[in-house]
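Each chain, letter by letter, is given below.
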Amino acid sequence: MTDYKQTLNLPQTEFPMKANLAQREPSILKKWQEMSIYTQLRSQGKGKDKFVLHMGPPYANGHIHLGTATNNILKDMVAKTATMSGYDAPLVPGWDCHGLPIELNVEKKVGKPGVKISATEFRQACRDYAAEFINIQREEFKRLGIIADWDHPYFTMDFHYEANIVRSLAKIIQMGHLQKGYKPVHWCLDCASALAEAEVEYIEKISPALDVRFKVVDKVDFFQRFTTVRQGSGDISIPIWTTTPWTLPANQAVALNPGLEYVLVQWAGEQLLIAEALLSAVVVRYKMEDYQILGQITGDKLLNVQLKHPFYPRNVPVVLGDHVTVEAGTGAVHTAPAHGVDDFLMGKQYHLMLDNPVGDDGCYTASTPLFAGLHVNKANEKIIAELQAHGNLLHSDTIRHSFPHCWRHKTPLIFRATPQWFVSMEKQGLRQMALAAINQVEWIPDWGKNRIATMVANRPDWCISRQRTWGVPLALFIHKDTGELHPETLALMEQVALLIEKQGIEAWYQLDASTLLGKEAADYQKCLDILDVWFDSGVSHHFLKARADLAFPADLVLEGSDQHRGWFQSLLLTSVAMYAPVAATVNEKVQTTTYAPYKAVLTHGYVVDGQGRKMSKSLGNVIAPEEVIQTLGADVLRLWVASIDYRSEINASKEILARTTETYRRIRNTARFLLANLAGFDPVTDLVATKDMLALDRWAVNKTRMIQEEILAAYQSYQFHVVAQKLHHFCVVDMGGFYLDIIKDRQYTMAANSRGRRSAQTAIYHIIHALVRWLAPILSFTAEEIWQFIPGKKVESVMLTTWYDALSTLSDQEEMNSAFWEKIWAVRDAVNKEIENQRNAGKLGSGLEAEVSLYCGPHLKLQLDRLQDELRFVLITSAATVIAEHAGPIDTVTTEVAGLALKVVQTAHAKCERCWHRRADVNADPQYPGICGRCIENITSAGEERKYA
């Protein structure tokens, strides 16, 4: 038996089938580092249009998690897409370094400042802690394949950045947006500090739900307000319903809705005023029997009715507010101006006392009757006891409801009035200017616009002061008697900023006021509050303006959906507050200019497990990025990120990652097949001109061009999941399921330098050049690995390329155009379906054991006749005959292809040992035993110019 193996062009490549990503990726990272890939990209981008994605700073506290990894991989894919599209796309990372989470972790290690350690030493410990995790996270991000300016990031604790935070605050003061106020703010009892809106999350909790009597002082006055009423017996009360009994010591009024109808009800020896719309619910709650309605009145008629406080010897008035609703309760709302926003507004409107009896530690102050020194978390039982003792507890129950919690401690918050510094939303029209800027930004997905607009429209003033240690100080000098800022505040803040540039924030704490104020120092005190940490990252647009390689506004910001109430909003508000003239609300010219710090905002959902549950250690469903990288490789993680529709929740599980691995394997195997079939190909000498390529090869290149157009459109609209889908379909179906399957015979059996083989290799060369670029933003490591195995002269890294522009177009005027090959594909699918049926029935082993007869209508026959003897190679059968349909036998199989019936039978011919086709001319030439006539031609010079599809 003759061995013809040496006459075949078998695929050869050193590109490994087994990825071993966990072992191979670090060497690619090392290569990028050694070649200074980021520096090369910036050098290559000089003079090009910029695309700036402003990277929000992750918090320098702990290792990255799957959500952080997802976010930063998305950013990297956006930047790489922009680079491949011909832009100069710098990517500058940053870190948020101040704030309470770091402070609390450092406290656990070294103790509280001023107790076990000085404040100065404590701040240095915080700085060291943040620096440690910056370095840890930087290496973790690099390992994900993210190419960024890792050597020149921005840190909010950098001295220069800290100085610019002070300068940003000064600019906001200059524009008139800062004010000091004594207002209710979210207060965390664990943090012992005010919180911003972005630091609040809503979690269900069980609270007491009390109905409390507020008895009418003057019955005569009360009844005179009714048009018609029957006088009942017993005390008259306006009951309120509250889930925060601890706020009752601060009560200053009871609010009714001016437009609501209220009814006076006689029940069990007393008279109660209830909102008519809530009466049926109250009847059930109180288990009222034999009640009578004595009269009806609207809320506005009861303004200033005097009521007795339920346990203090003071009277409180009835006030009116539209915030009173009939969703629950009684239609009357207990009002404590120190403990709620609506209550505070009522207090201002009606000049109520702003009495805050709760100290910073969460305990009632020493001057609070009955409850002095008692912590509010332990106060409810004693308050209930006092209500009972005074006969004013009408009903007691519990309720499960959504309640504001500290996002760090997961503990319930309280509202309490404290002196704080605020960025006013109304004082200079900041709210309206911000809403106008929102309208000029592109929001992706578009629902993000309504989400942030609603939040800005309804948000309170921004409380920017915190009573903590680790943060940028509010570098203000405040008059000891008047509480006013020094008249030279802006100049003084610039002097402080200059000191901070040299010494960091410690310069403020070490500063003797007399150094800057001289003799005036005796009249002023330094503000020792620090700025809300959201202000630090919020003014990072200042950084965009300062760096020559960046630009303001940024083309894009990209974060999770929680940042509509966080960084997206703090960026927006500070930018508008600093740069928009306050006349913007009335100046038509200004209305055409946006002062938003970004042109577009892209939002992604939260990472949850496969069942949609939040990832947590207690559930055991946490997947660490490091775990995925060490087992599957960073590229599998990147492909998973690309495969998901990030606009909603992002599901992650080991099963999902296993499916992603399978997708990766198919893409890699396609790339390997392409590379293996470029063995011996030199693009300088062997590239076939488009006009000389065979029709099927020109179709494949044209198909690649068409897919590239779709992929680039998906990339440019940030629809990475569409890119991933099209990549997979192209590799598995367009290539693996059709084209590559067909050309195997030609590649392996034709003469090495034949036109048929070189034509296919030319197509493969173009296809791999396009494919490797499509992969680069997503499968960055794999694309770089593929790049090194592509023959011919090229740049050092695929990352330094742009989209491939050498894909030729197949004209519709050609006989074998795209529509023609789509029809052939359909015919092939129909033949394969019948072959598979016969294989399952045990009649066939493989397609090359089959002979197929195609019974066609006139139009289809005309098309198939164009392939002549090459049709069998397209169908991968040993014989294929095209016959007019009227000659078809009874036992043909109908197909879904219009005008096509077919018949498949097992061939009786011998198998060619070289090409495996079953042909009648096998063994016809005794000089070449065991092979067919075509193979004889292909191993002699006669095969050089053979026609082939």
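Residues numbered from 1 in each chain as written. Predicted model: local features only at pLDDT ≥ 70, side-chain atom pairs only at ≥ 80, totals over all residues. Heavy atoms only, no water.

Quick look at the overall build of the protein now. Broken down by element type, the protein carries 31 helices and 31 strands. The C-alpha atoms of the protein give 38 Å as radius of gyration, which overshoots the globular expectation for 949 residues (30 Å, by more than 25%). Seen through its principal axes, the protein has C-alpha atoms that stretch 125 × 75 × 55 Å. Within the protein, the proportion of its 949 residues that are buried is 58%. Of the contacts formed within the protein by residues at least 6 apart in sequence, a portion of 78% connects residues at least 24 apart. Surface exposure of the protein reaches about 39300 Å², of which carbon and sulfur atoms provide 51%. Measuring between centres, the 98 positive side-chain charges of the protein sit 2 Å from its 107 negative side-chain charges. (Helix = DSSP H or I, 4+ residues; strand = E, 2+ residues; numbered from the N terminus. Rg over C-alpha atoms; globule rule 2.2 N^0.38 Å. Buried < 20%, exposed > 50% of the residue type's maximum accessible area, 1.4 Å probe, protein only. Contact = heavy atoms within 4.5 Å. Areas by Shrake-Rupley, 256 points an atom, 1.4 Å probe, with all protein chains shown as cover. Lys, Arg positive; Asp, Glu negative; His and termini not counted. Charge placed at Lys NZ, Arg CZ, Asp CG, Glu CD.)

Inspection of the secondary structure puts I711 in helix α24 (residues 695-716). Residue class for I711 comes out buried when judged on its relative accessible area of 0%. Taking the C-alpha atoms as reference points, I711 and T594, separated by 117 residues in sequence, lie 32 Å from one another. Excluding its chain neighbours within four sequence positions, the residues that come into contact with I711 are V723, K726, L727 and W774.

We now examine the confidence of the model for the protein. In the predicted model, the protein carries a mean pLDDT of 90, and the fraction of residues at 70 or more is 97%. Element-level pLDDT for the protein is lowest in helix α19 (residues 588-591), with a mean of 47, against a maximum mean of 97 in helix α27 (residues 780-787). For the stretch residues 584-590, pLDDT sits under 50, and the model shows nine contacts to residues farther than four places along the chain or on other chains. Scored below 50 in pLDDT, residues 942-949 makes 32 contacts in the model with residues more than four places away or belonging to other chains. (pLDDT = per-residue confidence, 0-100.)

Before going further, it helps to spend a moment on the sheet that holds strand β9 (residues 270-275). Strand order in this open sheet of six strands is β10-β8-β9-β6-β5-β14, and the pairing throughout is mixed. Because the sheet does not close on itself, it has two edges, and the strands there are β10 (292-298) and β14 (393-406). For this sheet the average axis-to-axis angle between neighbouring strands, irrespective of direction, equals 25°. Note: strand β6 (residues 236-242) against β9, two bridges, orientation parallel. (Pairing = 2+ DSSP bridges. Axes fitted to C-alpha atoms, helices over the stretch in contact; angles between N-to-C directions.)

Glancing now at unusual backbone geometry. A cis geometry characterises the amide bond from I444 onward to P445, with omega recorded as -5°. Structurally, the position occupied by P445 is in the loop between β16 (442-444) and α12 (447-458). Following F552, the chain continues into P553 via a peptide bond in cis, with omega recorded as -5°. Relative to the helices and strands, P553 resides in the loop between α17 (541-546) and β22 (557-560). Unusually for a residue other than glycine, W916 sits at a positive phi of about 70°. Topologically, W916 is positioned in the loop between β30 (910-911) and β31 (918-919).

Most of helix α21 (residues 634-643) is tucked away, with nine of its 10 residues classed as buried. Buried within α21 are the following residues: A634, D635, V636, L637, R638, L639, W640, V641 and A642.

A few words on the nonpolar core. Nonpolar side chains in soluble globular proteins tend to end up buried together. Core analysis: the biggest nonpolar cluster contains 227 residues, and Y598, W640, Y739, W821 and L854 have the highest contact counts within it. Here this core takes 13 residues from helix α25 (residues 720-749), the largest share from any one element. If you look at the next biggest cluster of nonpolar residues, it comprises 53 residues, including V185, L189, I238 and L260. (Core = buried A, V, L, I, M, F, W, Y, C linked by side-chain atoms within 4.5 Å.)

It is worth spelling out α12 at this point. Compared with the 16 Å implied by 1.5 Å per residue over 12 residues, the 17 Å span of α12 between its first and last C-alpha is a close match. For α12, the set of buried residues is G448, I452, A453 and V456. With its buried residues spanning 125° around the axis, α12 presents them on a single face. Along α12, the residues that are exposed and aim more than 90 degrees away from the buried face are N450 and N458. (Expected span 1.5 Å × (residues − 1). Arc of directions from axis to C-beta.)

Within the secondary structure, N72 is located in helix α3 (residues 66-84). On the accessibility criterion, N72 (3% relative accessible area) is buried. Discounting chain neighbours no more than four positions away, the residues touching N72 are M55, F141 and I146.

Turning next to the environment of D360. Tracing the sequence through the fold places D360 in the loop between α9 (341-350) and α10 (380-389). Note: C-alpha distance between D360 and T762 (402 residues apart in sequence) is 76 Å. Non-local contacts of D360, meaning those with residues more than four positions away in its chain, are made with W187, A192 and R416.

With respect to the helices and strands, D532 occurs in the loop between β21 (530-531) and α16 (533-538). A distance of 2.9 Å separates the side chain of D532 from the side chain of W462, its partner in a polar contact. A polar contact of 3.4 Å, which involves the side chain of D532, links it to the side chain of R466. (Polar contact = N/O pair within 3.5 Å; in protein donor to acceptor, adjacent residues only side chain to side chain.)

Another point: the sheet that holds strand β27 (residues 879-884). To summarise the sheet geometry, strands pair through backbone hydrogen bonds and adopt either a parallel or an antiparallel arrangement. Taken in spatial order, the four strands make up an open sheet running β27-β26-β29-β28, and their pairing is mixed. The sheet is open, and its two borders are formed by β27 and β28 (893-894), each paired with just one other strand. Sheet strands in contact with helix α28 (residues 818-840) are β26 (850-856), β28 and β29 (900-906), and its direction is about 40° off that of β29.

Before going further, it helps to examine the packing of helix α6 (residues 159-174) against helix α13 (residues 489-503). Put simply, α6 and α13 touch, their axes get as near as 7 Å, and they point 170° apart. It follows that α6 is roughly antiparallel to α13 by the angle criterion. Across the interface between the two elements, F159, H160, E162, A163, V166, R167, L169, A170, I173 and Q174 from α6 touch T489, L490, M493, E494, A497, L498, I500, E501, K502 and Q503 from α13. In terms of residue class, the contact of α6 with α13 is built from 11 nonpolar, four polar and five charged. (Parallel < 35°, antiparallel > 145°, perpendicular 65-115°, else oblique. Nonpolar A, V, L, I, M, F, W, Y, C, P; charged D, E, K, R; others polar.)

This part takes up the pattern of salt bridges. In total, this model carries 46 salt bridges according to the counting rule given. K50 serves as the salt-bridge partner of D88, at 2.9 Å between the closest nitrogen and oxygen. On the criterion of sequence distance, the pair formed by D88 in the loop between α3 and β1 (94-95) and K50 in the loop between α2 (37-45) and α3 is long-range, its members being 38 residues apart. Residue K691 pairs with D692 through a salt bridge whose shortest N-O separation is 3.3 Å. For D692, a relative accessible area of 33% corresponds to the partly exposed category. Put simply, R24, R668 and E785 are held in one network by salt bridges that share partners. (Salt bridge = Lys/Arg side-chain N within 4 Å of Asp/Glu carboxyl O.)

What follows covers the packing of α21 against helix α22 (residues 654-676). Where α21 contacts α22, the two axes come as close as 9 Å, and the packing angle between them is 105°. By the criterion of interaxial angle, the relationship of α21 to α22 is roughly perpendicular. Between α21, through D635, V636, L639 and W640, and α22, the contact on the second element is made entirely by I656, L657, T660, T661, T663 and Y664. Its residues placed into classes, the contact of α21 with α22 shows six nonpolar, three polar and one charged.

The subject of this paragraph is a negative patch on the surface. There is a patch of like negative charges on the surface, built from D481, E488, E520 and D523. Considering the arrangement of structural elements, one finds D523 in the loop between α15 (513-517) and β20 (524-526). (Patch = residues over 30% accessible without salt bridge, like charges linked within 9 Å, V, L, I, M, F, W, Y side chains within 5 Å.)

Under the definition given, this model contains 30 aromatic pairs. The interplanar angle of 35° and the centroid separation of 4.5 Å between the aromatic rings of Y154 and F543 together place this pair among those described as tilted. Placement of Y154 in strand β2 (residues 154-155) and of F543 in helix α17 is noted, with a sequence separation of 389 residues between them. This pair shows no difference in class: Y154 is buried, exactly as F543 is. With a centroid separation of 6.4 Å and an interplanar angle of 40°, the aromatic rings of W567 and F568 are classed as tilted. There is no split in this pair, since W567 and F568 are both buried. Of the aromatic side chains, those joined through ring pairs into one cluster are W95, F141, W150 and F155. (Phe/Tyr/Trp six-rings, centres within 6.5 Å; stacked < 30°, edge-to-face > 60°.)

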